[in-house]
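Each chain is listed here by its residues.
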Amino acid sequence: MRIGVAKEIKPQEYRVALTPAGARELVLAGHEVLVEAGAGVGSAFLDEAYERAGAAIASVDDVWAGAELLLKVKEPIASEYERLREGLTLFTYLHIAADEPLTRALVASGITAIAYETVETDQRALPLLAPMSEIAGRLATQAGADHLEKPKGGRGILLGGVAGVAPARVLVIGGGMVGYNAAVIALGMGAQVTVLERSVDRMRYLEQILSGRVQLLMSSTLQIEESVKDADLVIGAVLIPGALAPKLITRQMLGTMKDGSVFVDVAIDQGGCAETSKPTTHDDPVYTVDGVIHYCVANMPGAVPITSTRALTNVTLPYIEQLAELGTVGAITANRELARGVNVIGGKVTYEAVAEAHGMEYTPLDDALSALV
Ligand SMILES: NC(=O)c1ccc[n+]([C@@H]2O[C@H](COP(=O)([O-])OP(=O)(O)OC[C@H]3O[C@@H](n4cnc5c(N)ncnc54)[C@H](O)[C@@H]3O)[C@@H](O)[C@H]2O)c1
C-alpha cells in the first residue's frame, strides 16, 4: 500500500503521525511510504531520517494525491478539504462531533475517515487517547510546580519541600489515566499527595500500585470542599465518558484556597471541572481568579511534541500495519476496534454520536460496507 504522511498545518501543532522507526517497519513489510517535506521537523525528525528508513520525501500535493492511506495527527482544516477524495483512507484525530463543516466535507468527498479517538476495545478502553492522557497528567504536575514559584505569581512553595520543611500539598480530583500520572510525578517530586475518586475499585487498584504512598479518599462535595481549602496545587482530572465534565469546584470553594495556589484543569477539553475554568493556550496558559492561578490549556501534549509523537505512534502503528496489510475494508472487517474508529465511509456517517450531533443520517457500518460492493 502507498502510505502518505502529511505535515500538520494547524497553528502550534508540532507532532507528526509517523516516526522514522514506524516508516522503517512499513517499508520492511513491503509498503511504500511518502513523507511530506519537513513533516517531522517539529518533533526533531529531519527528512534525511525518513529517507534513511526507506521512505520518500514528497511535496504536499504528491503526498495527498498519491496516498491510499493518509496519516495525520489533527483533523484537516478548511484549506485541506479540497484534498479529501474517494479512494483515500484518512487515519487521524478527528473530533468531528464538534465540527459540522468537516463532517459534511468528509461525507461529500467519499473518503474513508477513521478517527483515532473512537478506536475502542471490547473493554471500552480508548487506546489511541490513553497516551495523551498519560502525558497531560505528567505535565499537569510540572506546570503546577512551575506556577507555584513566586516569579510566576505563585505562593512560592517548592513541591518537595526540603529536610525540616513541609512539602506542598497536591490534590488530584479523578484517579484515572490523567490523575494517576499526575500523582506519580507529584510523588516523585516529593509532594504530599491526595487523590479523590468515585470508583472504589479504581481506588483499590491505585492503592496497590502506588503502595499506599498517596491518600485515597472518596470524592464527594463535602470532601472536595475540605481538601481544596488545604491544597497548594489542585489538579482536575475527572471524566464522565461522553459528557461534559461535572463542575465539582464552585467559586465559593475556590475562595477558600490560599492566595497564589494553583489549579490545573486538565478536564478543560470537556468543559472543565470548576465553575471558573475557561480554555487557555500555550501562548497564554494562565489567568487568576480570587487569587488562584488557573492553568487550563486544552491541548497540553502539544507542548512536548518529541514525547507526544513517539507515544502516539507507538499505539497507532499496529493499526496502521493492519490497514496497510489487509486494505481498509479488510482491516475494519477483521478488527472490531478499528471498525469502531470509522466515522465516515462511502459518503455515509457510520458513527452514531456524530450523526446525532449534526442531525445527519446514521448508517451502521455493515450497511455502509455492503453499499460499497
Ligand atoms: N487538557 C488536555 O490536554 C488533555 C489531554 C488528555 C486528556 N484530557 C482530559 O482529561 C480528563 C481525564 O482523562 P482520563 O484519560 O484520565 O480519563 P479516565 O476515564 O481515565 O479517568 C477519569 C476518572 O475520573 C473519575 N471520576 C469521575 N467523576 C468523578 C468525581 N465526581 N470525582 C472524582 N473522580 C471522578 C472516574 O472514576 C475516572 O477514574 C478528560 O476530560 C480528558 O479528555 C485533557
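Scroll up a little and you will see the structure.
No experiment lies behind these values; they were computed from the predicted model shown.

Chemist: Explain the site of the ligand here, please?
Modeler: Residues in contact with the ligand amount to 25 residues; listed here are only the nearest, S133, V178, E197, D269 and M300. A distance of 2.7 Å separates an oxygen atom of the ligand from a polar atom in the backbone of V178. R198 has a polar side-chain atom sitting 3.4 Å from a nitrogen atom of the ligand. For the ligand, whose free accessible area comes to 870 Å², the fraction covered by protein is 85%. Elements with a minimum of two residues in the shell around the ligand: α5 (130-147), α6 (177-188) and β8 (192-197). Element by element, the count of residues in the shell around the ligand is highest for α5, at 3 residues. Its residues assigned to classes, the shell around the ligand shows 15 nonpolar, 7 polar and 3 charged.

Chemist: Can you help me understand the sheet that holds strand β12 (residues 286-289) in this one?
Modeler: Picture the strands of a sheet paired through backbone hydrogen bonds; they go either parallel or antiparallel. Spatially, 7 strands are ordered β9-β8-β7-β10-β11-β13-β12 in an open sheet, and the strand pairing comes out mixed. Each edge of the open sheet carries a strand with a single partner, namely β9 (215-218) and β12. Put simply, the sheet's adjacent strands are angled 20° from each other on average, direction ignored. Note that β8 and β9 share 4 bridges and pair parallel. The residue bridging L196 from the neighbouring strand is L217, located in β9. Sitting on the sheet, helix α7 (residues 200-209) is in contact with β8 and β9, with an inclination near 175° to β9.

Chemist: Looking at this structure, how should I read the side chain of T112?
Modeler: Relative to the assigned elements, T112 resides in strand β6 (residues 112-115). Once you skip the residues sitting within four places of it in the chain, T112 turns out to touch L88, T89, L90, T328, V344 and I345.

Chemist: Could you clarify how one ought to interpret the packing of α5 against helix α10 (residues 305-334) in this entry?
Modeler: For any two helices packed against each other, the geometry comes down to the angle between their axes and how far apart the axes lie. Contact pair α5 / α10: the axes reach a minimum separation of 9 Å and the direction vectors enclose 155°. Classed by the angle they form, the pair α5 and α10 counts as roughly antiparallel. Both α5 and α10 take part in a crossing whose hand is right-handed. Facing P131, M132 and I135 of α5, the residues of α10 in contact are T307, S308, A311, L312 and V315.

Chemist: What am I meant to see in a nonpolar patch on the surface here?
Modeler: Taken together, L158, V162 and V165 make up a surface patch of nonpolar side chains, about 290 Å² in accessible area. The residue V162 is located in the loop between α5 and β7 (169-173) in this model.

Chemist: Looking at this model, I keep getting lost on the pattern of salt bridges. Mind explaining?
Modeler: One side chain can pair with another of opposite charge once the charged atoms of both are near each other. In the structure shown here, the tally under the stated rule is 15 salt bridges. With a closest N to O distance of 2.8 Å, K10 and E75 form a salt bridge. Of this pair, K10 sits in the loop between β1 (2-5) and α1 (20-28) while E75 sits in the loop between β4 (69-71) and β5 (89-92), placing them 65 residues apart in sequence. Residue classification places K10 among the partly exposed residues on the basis of a relative accessible area of 28%. Its relative accessible area of 11% is what places E75 among the buried residues. The partner of R104 in a salt bridge is E100, with the nearest N and O atoms 2.8 Å apart.

Chemist: Is there a simple way to think about the layout of surface pockets in this case?
Modeler: Which parts of space are left empty comes out when a probe the size of a water molecule is rolled across the atoms. Quantified by volume, the second largest pocket comes out at close to 260 Å³. Considering the residues around the second largest pocket, the lining is formed by 13 residues, among which A339, R340, T350, Y362 and L365 are closest to the centre. If you list the elements that add at least two residues to the lining of the second largest pocket, you get α10, α11 (336-341) and α13 (365-372). Element by element, the count of residues in the lining of the second largest pocket is highest for α13, at 3 residues. In terms of residue class, the lining of the second largest pocket is built from 8 nonpolar, 2 polar and 3 charged.

Chemist: How do you make sense of the pairing of β7 when you look at a structure like this?
Modeler: Every other side chain in a regular strand lies on the same face of the sheet, so the side chains alternate between the two faces. Among the 5 residues of β7, 4 are classified as buried, and the element is accordingly described as predominantly covered. Taken together, the 5 bridges between β7 and β8 define a ladder with parallel strand orientation. Bridging across to β8, L171 finds its partner in T194. For the handedness criterion, the β-α-β arrangement of β7, α6 and β8 is classed as right-handed.

Chemist: I'm lost on the environment of N314 in this one. Help?
Modeler: Looking at the element boundaries, N314 is found in helix α10. For N314, a relative accessible area of 58% puts it in the exposed group. When the C-alpha atoms of N314 and D47 are compared, they prove to be 20 Å apart, with 267 residues separating the residues in sequence.

Chemist: Explain the packing of aromatic side chains to me, please; I cannot follow it from the model alone.
Modeler: Centre distance and the angle of the planes are the two values used to describe a pair of aromatic rings. As enumerated under the stated definition, the model contains 3 aromatic pairs in all. The interplanar angle of 85° and the centroid separation of 4.8 Å between the aromatic rings of F91 and Y116 together place this pair among those described as edge-to-face. Of this pair, F91 sits in strand β5 while Y116 sits in the loop between β6 and α5, and the two are 25 residues apart along the sequence. F91 gets classed as buried once you look at its relative accessible area, which sits at 0%. Relative to Y116, the ring of Y93 has its centre 4.9 Å away and its plane inclined at 85°; by these criteria the two rings are edge-to-face. Of this pair, Y93 sits in the loop between β5 and α4 (100-109) while Y116 sits in the loop between β6 and α5, and the two are 23 residues apart along the sequence.

The rules behind the values
- Residues numbered from 1 in each chain as written.
- Predicted model: local features only at pLDDT ≥ 70, side-chain atom pairs only at ≥ 80, totals over all residues.
- Heavy atoms only, no water.
- Near = heavy atom within 4 Å.
- Polar contact = N/O pair within 3.5 Å; in protein donor to acceptor, adjacent residues only side chain to side chain.
- Areas by Shrake-Rupley, 256 points an atom, 1.4 Å probe, with all protein chains shown as cover.
- Helix = DSSP H or I, 4+ residues; strand = E, 2+ residues; numbered from the N terminus.
- Nonpolar A, V, L, I, M, F, W, Y, C, P; charged D, E, K, R; others polar.
- Pairing = 2+ DSSP bridges.
- Axes fitted to C-alpha atoms, helices over the stretch in contact; angles between N-to-C directions.
- Contact = heavy atoms within 4.5 Å.
- Parallel < 35°, antiparallel > 145°, perpendicular 65-115°, else oblique.
- Left-handed = near helix turned anticlockwise from the far one by under 90°.
- Patch = residues over 30% accessible without salt bridge, like charges linked within 9 Å, V, L, I, M, F, W, Y side chains within 5 Å.
- Salt bridge = Lys/Arg side-chain N within 4 Å of Asp/Glu carboxyl O.
- Buried < 20%, exposed > 50% of the residue type's maximum accessible area, 1.4 Å probe, protein only.
- 1 Å grid on protein atoms, 1.4 Å probe; cavity = no way out; pocket = protein on both sides within 12 Å on 5 of 7 lines; lining within 4 Å.
- Points joined across faces, edges and corners; volume = space filled by probe spheres on them.
- Right-handed = clockwise from strand over helix to strand, strands pointing away.
- Phe/Tyr/Trp six-rings, centres within 6.5 Å; stacked < 30°, edge-to-face > 60°.

It is worth stressing that arrangement in space is one thing and function is another; only the former is reported here.
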